[in-house]
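An overview of the molecular structure
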Amino acid sequence: NSLFHLLETFKKSGYLITYLSNTNRDMRLKGLNLMIDLGKRTLLSDEESHLPKNLEKVLLSHLNDAHEGVRARAAFVIGRFDIISAVPLLAKMAQKDEILREVALFALGEVKVQIPLDNPAQSALLKLSKNPKIQESSTYALSIALGTQKLITHDLLWQFYQTHRDPAVQSQSNIDTQAKDN
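Residues numbered from 1 in each chain as written. Predicted model: local features only at pLDDT ≥ 70, side-chain atom pairs only at ≥ 80, totals over all residues. Heavy atoms only, no water.

Some points on the packing of aromatic side chains
- Inspection of every chain in the model, using the stated rule, returns 1 aromatic pair.
- Consider the rings of Tyr15 and Tyr19, whose centres lie 5.3 Å apart with planes at 85°: the pair is edge-to-face. Pair noted here: Tyr15 and Tyr19 are both in helix H1 (residues 2–20), with a separation of 4 residues, about one helical turn.
- Owing to a relative accessible area of 45%, Tyr15 belongs among the partly exposed residues under this scheme. (Phe/Tyr/Trp six-rings, centres within 6.5 Å; stacked < 30°, edge-to-face > 60°. Helix = DSSP H or I, 4+ residues; strand = E, 2+ residues; numbered from the N terminus. Buried < 20%, exposed > 50% of the residue type's maximum accessible area, 1.4 Å probe, protein only.)

Things to note about helix H7 (residues 120–129)
- Turning to H7, its buried residues number three or more, namely Ala121, Gln122, Ala124, Leu125, Leu128 and Ser129. Seen end-on, H7 carries its buried residues on one side only, within an arc spanning 160°. (Arc of directions from axis to C-beta.)

Observations regarding the packing of H7 against helix H9 (residues 139–148)
- At a minimum axis separation of 10 Å, H7 and H9 run at an interaxial angle of 145°. You can see that H7 and H9 cross each other, and the crossing is left-handed. On the side of H7, the interface is formed by Leu125, Leu128 and Ser129, while H9 contributes Leu142, Ala145 and Leu146. (Axes fitted to C-alpha atoms, helices over the stretch in contact; angles between N-to-C directions. Left-handed = near helix turned anticlockwise from the far one by under 90°. Contact = heavy atoms within 4.5 Å.)

Here's the deal with the nonpolar core
- With 43 residues, the main nonpolar core has Met35, Leu51, Leu59, Leu63 and Leu105 as its most contacted residues.
- Looking at this core, the elements with two or more residues in it are H1, helix H2 (25–43), helix H3 (53–61), helix H4 (68–80), helix H5 (87–96), helix H6 (101–110), H7 and H9.
- Here this core gets 6 residues from one element, more than from any other, and that element is H4.
- The contacts of Leu59, once residues within four sequence positions are left out, are Leu32, Met35, Leu51, Ala74, Val77, Ile78 and Ile83. (Core = buried A, V, L, I, M, F, W, Y, C linked by side-chain atoms within 4.5 Å.)

Some points on unusual backbone geometry
- Here Asp82, not a glycine, exhibits a phi torsion of approximately 55°, which is positive.
- Relative to the elements of secondary structure, Asp82 occurs in the loop between H4 and H5.

Re the pattern of salt bridges
- A full pass over the atoms with the stated rule returns 4 salt bridges.
- The closest approach of N and O atoms between Arg25 and Asp26, which form a salt bridge, is 3.2 Å.
- On the basis of relative accessible area, Asp26 is assigned to the partly exposed category, the value being 45%.
- The residue Arg28 makes a salt bridge to Asp65 at a minimum N-O spacing of 2.9 Å. With Arg28 in helix H2 and Asp65 in the loop between H3 and H4, this residue pair connects regions lying 37 residues apart in the sequence. (Salt bridge = Lys/Arg side-chain N within 4 Å of Asp/Glu carboxyl O.)

Overview of the environment of Tyr140
- With respect to the secondary-structure elements, Tyr140 resides in helix H9.
- With relative accessibility at 59%, the residue Tyr140 sits in the exposed group.
- Each C-alpha atom of the pair Tyr140 and Glu102 lies 8.3 Å from the other, and the pair is 38 residues apart in sequence.

Let's talk about the side chain of Ser138
- Mapping Ser138 onto the fold places it in the loop between helix H8 (132–137) and H9.
- In this structure Ser138 comes out as buried when scored by relative accessible area, which is 2%.
- Polar side-chain contacts of Ser138 include one of 3.4 Å to the side chain of Ser137.
- Setting aside anything within four residues of it in sequence, one finds Ser138 in contact with Arg101, Glu102 and Leu105. (Polar contact = N/O pair within 3.5 Å; in protein donor to acceptor, adjacent residues only side chain to side chain.)

Structure (structure tokens):
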């Protein structure tokens, strides 16, 4: 039974690597979408908690793909599959890639580990949450990522809420306050 599963895993990962290694962007995207469609339950057995290393290596390489759509989809897949080795690359993407910053933050929010005491995604998010540039440009994504990781950051989230509220909500709040005072 385990030999059968091993063969099935190699077959699936080989199939995916064929798509992911293609020079055509659409084929790489198809491979990434296929990973999402198959999901962790199909690609991993109950005994496995990680993708095969060869598949993980190809997936990580897509964080540096020339096409931003491939980079974005790869970050999403990495978050879904809890690929801890990608955390430094996702943190770098959140810091340097303004276009994909929010995607990287969401992916970091998704990465879970078995032992919560040593979660590099949480550490990376806490460090990124102190970066004023990221606080200003990606408040919503950072808030979601911090919440998804269940980080205790009430003061920071309250600060985000106070400084980045929707102007329409702020004006209605000011009108409500003025009405109460009269």
